[in-house]
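# Architecture at a glance
One letter stands for each residue in the lines below.
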Amino acid sequence: DRSGQWSVVSCFLPLVSNLLPLSFRSSSQLSGSHGPGFAKLNRREGAGGWSPLSSDRYQWLEVDLGGRTQITAVSTQGRYGSSDWLTAYLLMFSDTGHNWKQHRQEDSIGAFPGNSNADSVVQHKLQHPVITRYVRLIPLDWNPNGRIGLRLETYGCPYNSDVVSLDGQSSLLYRLSPRPKQMTKESISLIFKTLKNSGTLLHAEGQSAHSLTLELEKGKLLLLLRQGRSSSPDSHHLVSLGSLLDDQHWHHVAVEHHSTHLNLTVDKSTLWVQIPPTFTHWDHSQVCFCLSRCGIPLQSHLLKNFHGCLENLVYNGVNLVDLAKQKDQRVTGNVTFSCAEPVFVAMTFTGPQSFLWLPGVTELSSTATSVGLQFRTWNKAGLLLTFNLPKQGAVVWLYLSRARLHLQILKSGRAPLELSAGSALNDGQWHSVELISRQGHLTVSVDEGEGATAHASPPFLVTTGSQLFFGGCPAEGSSQDCMNPFKAFQGCMRLLTVDNQPVDLIMVQQRLMGNYSNLQIDMCGIIDRCSPSHCEHGGSCSQSWSTFHCNCSSTGYSGATCHSSIFEQSCEAYKHKGNMSGYYYIDVDGSGHIRPQLIYCDMTEDKTWMVIQHNNTDLTTVRPSPGKNQHMAHFEYTAEEKQLAAVIGQSEHCEQELTYHCRKSHGPLPSWWVGGPGAGQVQTYWGGAPPGSQQCSCGLQENCVDPKHYCNCDADRTEWANDSGLLTHKETLPVRSLVLGDVQRPGSESAYRVGPLRCHGDENVWNAAFFDKETSYLHFPTFHGELSADISFLFKTTSSSGIFLENLGIKDFIRIELSSSTEVLFSFDVGNGPLEVRVKAGSPLNDNRWHRIRAERNVKEASLRLDELPTATQEAPADGHIHLQLNSQLFIEVSASFKSGTAVSYTIKEPVSNELNRSSSSSALPSSISSDMTLRAENVSLSFRTSQSPALLLYVGSYHREYLALLLNKHDMLEVRYRLDSSKDVEILRSKVRNLANGQLHAVTISRLADAVSVQNNKEDFNLTSDVEFNAIRSLVLGRLDPELSQLASLGFTGCLSAVLFNSISPLKAALLHPVPSPVIVTGPLVQSICGSNSANPYAAETTHHLSGQSGSVGRGQPLVNAIRSDSALIGGTAAATFFTVTLDLLLAEIALRAWGKWADCTTNDGAKAI
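Residues numbered from 1 in each chain as written. Predicted model: local features only at pLDDT ≥ 70, side-chain atom pairs only at ≥ 80, totals over all residues. Heavy atoms only, no water.

Going by the annotation in an unreviewed UniProt entry, the name recorded for the protein is Contactin associated protein like 3, with Sander lucioperca given as the source organism. As stated in UniProt under Sequence similarities (unreviewed entry), the record for the protein gives "Belongs to the neurexin family." UniProt lists a comment for the protein under the heading Subcellular location (unreviewed entry), and it reads "Membrane". (UniProt positions renumbered as here; feature names shortened; annotations may be inferred.)

The following block contains the structure:
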């Protein structure tokens, strides 16, 4: 909340309903009664809303809120009493009515879902509040049986701010006099907007000449900490954040200074910056916004003053702009307390079909012609401009190739004339291009000559002709003469000139001049997909207009985002692959943030040892030294601290040999060593003894050479004694230093050796769990992975199918399953619709042998690998949802057993539809909707096992007595029944598959889109004839129905249901998890079970093991709801004695969350052991 006056909760006032008609504008209107002023929510004046003259994607409706306002939500509605409504739209914001900025969800999603009828209201709460004066809505799709129709409302609250303009010459200086007392946290925050890609925003320095500078360079924000006036690289600290900050939109910057670090924030990204000790405290005495006012000559530092607007400039809680307004003596300068808004109308070429056609100059000059433009893009290639020379029979192309500017003129019968200039023009910066033909001399210049100039003297006159095409050509078949042998341009253009006359792009937008297609005019829609970078582990990011690429070379990681380590996590894993002893790179946390390191693997024994050396493993002799009472040794290990801790933590056993020989000594007890994680702790026990015992192994075994002592060396004998042994307590390892006392006595002598750290047994590889009951399960804290997640495990089974694991959110899910005896399926949905990755094996996987599955999902793609087969991948949508939002438990094959009287009824409270109806609200709870929600499509999937027929598997009913039912008929065949028109008879779709009530596990998937229905268990297709809309969805029922709902009520269901999914709703999971508030009512006995089991009694006694410390089991016939916490995850297995070894690596944003499945040895009450 930039205003500091309203919370997000209270900032929810209707903003449009009281506006005058003059506050509304539109691209066009169908008639006077369809004007934009009638587009107010729930109003019926005029024709009941706005409708444009034609329904296409170039229409728009605009609202002027009268001043800058904070927007928190938008609601839409169709035109009253009509068939006109939007099904998807774009939302644009602007402070001036120009230079529009598209609002995006998750920084990538542009489209907002619209309405399904003319009267219901669909509201979207913005993930982040927006400050704007103008709101523009652009229709993308609408009811195919109607036209564009709209009523809308925006919600928010007033916004007030303090603004100043800086024109590159104006200045503002704040003197901190007297210097305030030292604060625990110091901060600077401001909001800025500019069209210049370089300039110094702020410079603060003190008496010690230590300074802090915030500077724009090529649209990125640089933070520079300088020690003194030195220009030495050692005297400053530089970090960079943000990108494309020269777009004339407001950007928020904050610097928080803590004792050892800074937090630098630009918009939604925050960078943690470690700072040198010399910058521990700020001693700023002045803060300036014009470098010359700070006594810094611009030329000597190659810096520029900032040119743009600043807002809400706050230093340690003091609003500097407010002080300047009050003419406070601490603030001096000459600024304007408003924001000057230069207008540059840009246009965005969004795709291969984008082009702009302009008429050429009607009266051709015989001596000179010119064309100019500015562009910015990430693409290395694309057509900027083409036109014909009809009198010469030639054609001119101005285009990008390999990020350089090229001019080519092709005339029949002559060799092509070619010029090139500039380099690296795909850097996302604005670049100017000018083509000038004057008196037979042709010139092409880039960035006003700074990017090079090329000249030529063609033997013919070059003029712009009658028409010019920018960016591309019209589709084939058009009457216009345009040919493009190059790629179409994707990017932004502005400041077009023809013969030194500026092109009015607003007239082009209004179709008053020229023509265009697939252009967004009055905005630049460029996105930096590498800021912040999704490339992990130091991978370098490069991009084009529509995607990004990670270069993972030399990182030790692979995959689309450099997420997966190419190295194993332990020596145990290398041995499992058949390797021999030697040095190997070990990545102890897999895809986590700990770097791989070279470690020796000793595989010569039965156990596989990881051996980590240090700087002194030789036997060291210590003799008396005059004036020296102690001998100290410090040990530096070849592994980093984080890797040491991880190796020790994940190993079953670690040891380190501590050898100590002595004579004429009072022994090791006047001595000590330091060991353990971090800096370690003082330890006074020695090899073979327990921590804290102050003994050696002989004292523990009661066989020391002198029974009065607990160590052999304490006996003070002239012959050599030995107190050597192994240190085996992991919490005290590794040995970090050793201090020996009693080294000054004449004649005393000792020798010590600290061996390398040796560990064996990888608990992340062999953490298997054994399930010999169909209802045995484990549960542990929930895993979360939004941007990147990888899952790997080993399995062996005799079952031909089954779900390995599944995790659901409100709409998102992730699932891995054995879909057949030879195929593994990885499916997920992050909001773009379900996606699948499949790997098919050449031989059966239910061979009771170990098989390895590795699955990864990131913002760029999903991948699945089975054993050593080639990896299968599925690319993610370029501009789709990227955050995987899971909030339920993690399950492996979650199923439930039903008896004849069991019923699970799920009351539907949110839209469950295709991807266009996905809500953009960031709320964790679904919001209620009106009862007239309509579906034109649904996806149903479930697995079942029963011996009953007829039997009702699933029923979805509506308030209008419409329904969908899945059932087995009396012939043991599947029927899908649709009644989408209550005035007509039910339509029955019968599958040809028989014997479905044979007590075996069967999987069914039903998909409908309009009138097309697909039953995928046998790949059968059907068509509905009555209707295509499922209106007013009310509830979903499994098991026995209420007799009032349907004549199918008497059927019921006895058996096992598993993995039931209706669009994004999982009623069985909701029943077993018992969410609060609960949309589920359970009647009769419902017991969690495993449908893959062949057990004849699904109600066998349940065996549970609770890792959370919560104990208890559920009695026969009771719903399994209270035994599982809402913050836990569950792993279950089948009666086929399946072993599961699961390792989950989840990454949130750019922070690795290592979540290993570890638990202690324990035996459940039936003897089954979790290892």
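### A word on the overall build of the protein
The helix and strand tally for the protein stands at 7 helices and 87 strands. Per-residue burial over the protein gives 56% buried out of 1171 residues. When contacts within the protein are restricted to residue pairs at least 6 apart in sequence, those whose partners lie at least 24 apart make up 69%. For the protein, the accessible area works out to roughly 49600 Å², and carbon and sulfur atoms hold 50% of it. (Helix = DSSP H or I, 4+ residues; strand = E, 2+ residues; numbered from the N terminus. Buried < 20%, exposed > 50% of the residue type's maximum accessible area, 1.4 Å probe, protein only. Contact = heavy atoms within 4.5 Å. Areas by Shrake-Rupley, 256 points an atom, 1.4 Å probe, with all protein chains shown as cover.)

### A short note on the state of the cysteines
In total, this model carries 12 disulfides according to the counting rule given. Here cysteine 535 engages in a disulfide with cysteine 550; their sulfurs sit 2.0 Å apart. The chirality of the disulfide connecting cysteine 535 with cysteine 550 is left-handed, given an S-S dihedral of about -90 degrees. Here cysteine 535, found in the loop between β37 (519-521) and β38 (540-543), pairs with cysteine 550, found in strand β39 (residues 548-551); they are 15 residues apart in sequence, far enough to count as distant. (Disulfide = S-S within 2.5 Å.)

### What to know about the pattern of salt bridges
Opposite charge on two side chains permits pairing when their charged atoms draw close. Within the structure shown, the criterion is met by 31 salt bridges. Across the pair glutamate 311 and arginine 68 runs a salt bridge, and its minimum N-O distance is 2.4 Å. A residue pair is termed long-range when its members are at least 10 positions apart, and glutamate 311 in strand β20 (residues 307-315) and arginine 68 in strand β3 (residues 61-77) qualify at 243 residues. A single salt-bridge network, built from bridges that share partners, covers Arg68, Asp95, Lys193, Glu311 and Glu341. (Salt bridge = Lys/Arg side-chain N within 4 Å of Asp/Glu carboxyl O.)

### Remarks on the sheet that holds strand β27 (residues 394-401)
Read from one edge of the open sheet, 7 strands run β29-β28-β27-β26-β33-β24-β36, paired in antiparallel fashion. Single-partner strands in this sheet number two, and they are β29 (417-421) and β36 (515-517). The sheet shows a mean angle of 10 degrees between the axes of neighbouring strands, taken without regard to direction. (Pairing = 2+ DSSP bridges. Axes fitted to C-alpha atoms, helices over the stretch in contact; angles between N-to-C directions.)

### Some thoughts on helix α5 (residues 641-650)
All of the buried residues in α5 are Gln643, Leu644, Ala646, Val647, Ile648 and Gln650. The inward-facing, buried residues of α5 contact β42 (582-586), β43 (597-602), β44 (609-612), β47 (651-663) and β54 (757-762).

### Concerning the packing of aromatic side chains
By the definition in use, this model includes 20 aromatic pairs. Relative to phenylalanine 489, the ring of phenylalanine 375 has its centre 6.3 Å away and its plane inclined at 90 degrees; by these criteria the two rings are edge-to-face. With phenylalanine 375 in strand β25 (residues 368-376) and phenylalanine 489 in the loop between β33 (467-470) and β34 (491-498), this residue pair connects regions lying 114 residues apart in the sequence. What makes phenylalanine 489 buried here is its relative accessible area of 1%. Taking the centre distance of 6.2 Å and the plane angle of 40 degrees together, the rings of tyrosine 660 and tryptophan 686 count as tilted. Taken together, the residues tyrosine 660 in strand β47 and tryptophan 686 in the loop between β49 (681-683) and α6 (697-701) connect sequence positions 26 residues apart. The burial state of tyrosine 660 is the same as that of tryptophan 686; both residues are buried. An aromatic cluster is built from Phe349, Phe375 and Phe489, whose rings are joined through pairwise contacts. Cation over ring: lysine 125 sits above phenylalanine 12, and NZ or CZ is 5.9 Å from the ring centre. (Phe/Tyr/Trp six-rings, centres within 6.5 Å; stacked < 30°, edge-to-face > 60°. Lys NZ or Arg CZ within 6 Å of the ring centre and 35° of its normal.)

### Topic: the environment of leucine 435
With respect to the helices and strands, the residue leucine 435 is situated in strand β30 (residues 431-438). Distance from leucine 435 to valine 498, taken between C-alpha atoms, is 9.8 Å for residues 63 residues apart in sequence.

### Brief notes about the confidence of the model for the protein
Parts of the prediction with low pLDDT should not have their coordinates interpreted in detail. Overall, the predicted model of the protein reaches an average pLDDT of 81, with 82% of residues at or above 70. The weakest mean pLDDT in the protein belongs to strand β87 (residues 1169-1170) at 24; the strongest belongs to strand β23 (residues 346-349) at 97. Low confidence marks residues 771-783, where pLDDT is under 50. Its contacts with residues over four positions away, or in another chain, come to 75 contacts. Below pLDDT 50 for its whole length, residues 1093-1171 participates in 240 contacts with residues either more than four positions away or in separate chains. (pLDDT = per-residue confidence, 0-100.)

### Topic: the sheet that holds strand β52 (residues 735-740)
The sheet built from 4 strands is open, its strands ordered β46-β52-β48-β49 with antiparallel pairing. Looking at which strands have only one partner, the edges of the open sheet turn out to be β46 (631-634) and β49. Taking each pair of neighbouring strands and ignoring which way they run, the sheet shows an average axis angle of 20 degrees. Pairing of strand β48 (residues 672-675) with β52, which is carried by 4 bridges, proceeds in the antiparallel orientation. The residue bridging tryptophan 672 from the neighbouring strand is valine 739, located in β52.

### Digging into the side chain of threonine 369
Positionally, threonine 369 belongs in strand β25. Among the polar contacts listed, one links the side chain of threonine 369 to the side chain of aspartate 499, at a separation of 2.8 Å. Ignoring sequence-local partners within four residues, the contact set of threonine 369 consists of Leu435, Ile436, Ser437, Val462, Thr463, Thr464 and Asp499. (Polar contact = N/O pair within 3.5 Å; in protein donor to acceptor, adjacent residues only side chain to side chain.)

### What about the pairing of β44?
Alternating residues of β44 divide into Trp609 and Val611 and Met610 and Ile612, and every residue in both groups is buried. Bridge count between β43 and β44: 3 bridges; the pairing is antiparallel. Of the residues in β44, the one forming a bridge with cysteine 601 is methionine 610. One ladder, built from 4 bridges, connects β44 with β54; its direction is antiparallel. Pairing of isoleucine 612 across the sheet is with leucine 757, part of β54.

### Topic: a nonpolar patch on the surface
A surface patch of nonpolar side chains, amounting to about 340 Å² of accessible area, comprises Tyr583, Tyr585 and Leu598. In this fold, tyrosine 583 is placed in strand β42. (Patch = residues over 30% accessible without salt bridge, like charges linked within 9 Å, V, L, I, M, F, W, Y side chains within 5 Å.)

### Topic: the pairing of β3
In terms of residue burial, β3 counts as a mostly covered element, since 14 of its 17 residues are buried. Relative to β3, strand β2 (residues 24-26) runs antiparallel, the two being bridged by 3 bridges. Within the sheet, the bridge partner assigned to serine 26 lies in β3 and is leucine 61. Here β3 pairs with strand β7 (residues 122-142) via 11 bridges, running antiparallel. The residue of β7 that forms the bridge with valine 63 is valine 135. Across 8 bridges, the pairing between β3 and strand β8 (residues 151-158) is antiparallel. Pairing of isoleucine 71 across the sheet is with glycine 156, part of β8.

### With respect to unusual backbone geometry
Proline 734 follows leucine 733 through a cis peptide bond whose omega is 0 degrees. Mapping proline 734 onto the fold places it in the loop between β51 (725-727) and β52. With an omega of -5 degrees, the peptide bond between serine 949 and proline 950 qualifies as cis. Structurally, the position occupied by proline 950 is in the loop between β69 (937-946) and β70 (951-958). We note that asparagine 518 has phi near 55 degrees; this positive angle belongs to a residue other than glycine. Secondary-structure assignment places asparagine 518 in the loop between β36 and β37.

### Looking at the environment of isoleucine 148
With respect to the secondary-structure elements, isoleucine 148 resides in the loop between β7 and β8. A sequence separation of 94 residues divides isoleucine 148 from serine 54, and the C-alpha atoms of the two residues are 8.1 Å apart. Residues in contact with isoleucine 148, not counting those within four places in the same chain, are Trp50, Ser51, Pro52, Ser55, Asp56, Gln59, Asp84, Leu86, Pro139 and Trp142.

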